[in-house]
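Each chain is listed here by its residues.
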Amino acid sequence: MRTPAIVFTLRLVNLYLVTAAAVGPQFRRAPSRGANFLGPVSTVEVVNKVIAPDGFPRSTVLAGGTFPGPLIQAQKGDEFLLNVTNLLNDTSMDITTSIHWHGVFQHRSNWADGTAWITQCPVQPNGSFLHRFTVPDQAGTYWYHSHVAAQYCDGLRGPLVIYDPDDPLADLYDVDDELTVIVLSDWYHQPSPLLYNSPPFTPSSTLINGLGRYPGGPASPLAIVNVTQGQRYRFRIIGASCAAWFNFTIDGHNMTIIEADGNEVETGQRYSVVVTADQPVGNYWIRSVSNFPNQTFDGGLNSAILRYSGAPIKDPTTNPGPCVLPFDESALHPLQDSGVPGIPGPGNADLNINLITGLNAEGLFTVNGVPFVNPPLPVLLQILSGAQNASQLLPNGSVYELPLNKTIEISIPATDLTPGGAPGGPHPMHLHGHAFDVVRVAGNSTYNYINPVRRDTVSLGAQVQNDNVTIRFATNNPGPWYFHCHIDWHLYSGFAVVMAEAPSAAEVQESKATPEYWYQLCSSQGVGK
């Protein structure tokens, strides 16, 4: 059985797709609760546990003792009270921790962003830290993960979905619940500290919703995604990867993109796609092959199963492809509030920054010649202690001061073919605290200042394409925000800078908002004394 398929690549996700409008009844959009779901007011216990998601047992670092971690569900406008409790004791891996809520803007709550050494000190064993923030204007697909070293490669990552009761695209799908969240991840059999200096950081396996198989391993269980014929499903697909990106397909089924990184688009790292269960009742392969060499689907590798209600309990016999439409990121446009801040045209922002990425003789990644190293105290604590400009903020050379209420344009040319450039791409760059307009996307030499895709993570592409990815945003969110490669091994090796947005305004804002226990998290470790 050979049927058309849609492909899209997830780390950043590049898609091959057909788009189509659809109308009809609406079902099951309200969040559900269960054994592995949390609400916006919850305790997230970080624990060590031996698991074997691909059949190979290893000690891990997990949220709630599962991989992926529990789905955190909320509604637009909710207040989050998430208490991160550190119960780690396995010293073969990092035993301090922090959790970052990836894609959440943290307006007026920079202190709760969860980024160790940028917005907080790490949480020590047997300690806890309460994150308190609101999402008045955000809805969509997000995730959470550790922001200490490469700890999330050991398992500390999970999905977070903020539902919109008034979703303007609700008539495009019937089902959007906890069972339509799909988490793609790479998996490693060794603990992260043993891999820090071992490029190319080849994963042992690909997991889909926490299950998979590795070459030469047992036929361990695969994830099952259940559907009913005739229903339209909003699949929220999260690329929760440390290094790999994935080509994602469902044999025989088209996908319509309606969201990228929490931003609804006209007909994403994170995407929502609508899939109609319009094929004969049966089993269909879900495929998620990574960019690493020697990949295969043989024996159920890189695979999960889409199973129709009434289908026999057996492996699919479907074949991949053909793919019908290559993904073009420049074809994605915001559904609402499109338009780029500031004066159109390259270099016409209030502040224009060019970031040149590289790799130095010590094997550390650099941005404008400087590798990022953790400062002796968090950048936010430095600001609250009186540091007001980049020359005063540590780490030296890695902090860029941004003025308040201005337009910022950042250009980052691909350098992977240049001697001393940044290898191992395409590099996915993530900016905390903002979604930005990608006015020049990878694979395209033209600029779009009218209705470019808006997201919080973007691929830098490749030098062979002469890529010079350019983003634009407005500084309306004071605080220090991490801007870094989301290949976690590269971040650990220095691929990052900090955008210190309006430090004086951040000091006033955060001094009023930051709770006393935030300061105690550092003072109890002797930091800032």
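Scroll up to find the structure.
Now for a look at the structure at hand. (Residues numbered from 1 in each chain as written. Predicted model: local features only at pLDDT ≥ 70, side-chain atom pairs only at ≥ 80, totals over all residues. Heavy atoms only, no water.)

**What about the sheet that holds strand β7 (residues 79-86)?**
Hydrogen bonds between backbone groups are what pair the strands of a sheet, and the pairing can be parallel or antiparallel. Spatial ordering of the open sheet is given by β5-β4-β7-β9, a layout of four strands whose pairing is mixed. Here the strands that pair on one side only, and so sit at the sheet edges, are β5 (58-63) and β9 (128-134). Direction aside, the axes of adjacent strands within the sheet are offset by 20° on average. (Pairing = 2+ DSSP bridges. Helix = DSSP H or I, 4+ residues; strand = E, 2+ residues; numbered from the N terminus. Axes fitted to C-alpha atoms, helices over the stretch in contact; angles between N-to-C directions.)

**Things to note about the nonpolar core**
It is characteristic of soluble globular proteins that their nonpolar side chains tend to be buried jointly. Counting residues in each nonpolar core, the largest one holds 73 residues, and the members touching the most others are Phe235, Leu306, Leu355, Ile410, Phe483, Trp489 and Met499. Sequence-distant contacts of Ile410, defined by excluding residues within four places in its chain, comprise Ile353, Leu355, Val469, Thr470, Ile471, Phe473, Phe483 and Met499. Residues Leu38, Val123, Leu521 and Cys522 belong to the second largest nonpolar core, which totals 39 residues. (Core = buried A, V, L, I, M, F, W, Y, C linked by side-chain atoms within 4.5 Å. Buried < 20%, exposed > 50% of the residue type's maximum accessible area, 1.4 Å probe, protein only. Contact = heavy atoms within 4.5 Å.)

**Section: unusual backbone geometry**
The omega angle of the peptide bond from Phe67 to Pro68 is -10°, so this bond is cis rather than trans. Here Pro68 shows up in the loop between β5 and β6 (71-75). The step from Pro199 to Pro200 runs through a cis peptide bond, and the omega angle for that step is 15°. Structurally, Pro200 can be placed in the loop between β12 (181-187) and β13 (205-208). One non-glycine residue, Arg108, lies in positive phi territory at about 65°. The topology assignment puts Arg108 in the loop between β8 (99-102) and β9. A residue is classified by how much of its surface remains accessible, and Arg108, at 62% relative accessible area, is exposed. Its identity as a non-glycine residue notwithstanding, Asn466 has a phi of 55°, on the positive side.

**Observations regarding the side chain of Thr60**
By secondary structure assignment, the location of Thr60 is in strand β5. On the accessibility criterion, Thr60 (0% relative accessible area) is buried. Polar contacts involving the side chain of Thr60 include one to the main-chain carbonyl oxygen of Lys49, which spans 2.6 Å. Setting aside residues no more than four positions away along its own chain, Thr60 makes contact with Val47, Asn48, Lys49, Ile51, Met93, Asp154 and Trp187. (Polar contact = N/O pair within 3.5 Å; in protein donor to acceptor, adjacent residues only side chain to side chain.)

**Notes on the packing of aromatic side chains**
Scanning all chains against the criterion turns up 19 aromatic pairs. Each ring, one from Trp111 and one from Phe129, has its centre 6.0 Å from the other, and the planes form 80°; the classification is edge-to-face. Of this pair, Trp111 sits in the loop between β8 and β9 while Phe129 sits in strand β9, and the two are 18 residues apart along the sequence. For Trp111, a relative accessible area of 4% corresponds to the buried category. Owing to a relative accessible area of 1%, Phe129 belongs among the buried residues under this scheme. (Phe/Tyr/Trp six-rings, centres within 6.5 Å; stacked < 30°, edge-to-face > 60°.)

**A closer look at the sheet that holds strand β10 (residues 140-146)**
The five strands are arranged β3-β6-β11-β10-β8 in an open sheet whose pairing can be described as mixed. In this open sheet, the two edge strands, each paired with only one partner strand, are β3 (37-38) and β8. Where β8 meets β10, four bridges bridge the pair, whose relative direction is antiparallel. Bridge pairing in β10 places His100 opposite His145.

**Examining the environment of Arg440**
Relative to the elements of secondary structure, Arg440 occurs in strand β28 (residues 436-440). C-alpha of Arg440 to C-alpha of Val469: the two residues are 29 residues apart in sequence and 5.2 Å apart in space. Contact partners of Arg440, with chain neighbours within four places excluded, come to Ser445, Thr446, Tyr447, Asn466, Asp467, Asn468, Val469 and Thr470. Of the polar contacts made by the side chain of Arg440, one reaches the backbone oxygen of Asn444; its length is 3.2 Å. Here the side chain of Arg440 touches Tyr447 through a polar contact of 3.5 Å, side chain to side chain.

Any link to function would need more than the numbers given here.
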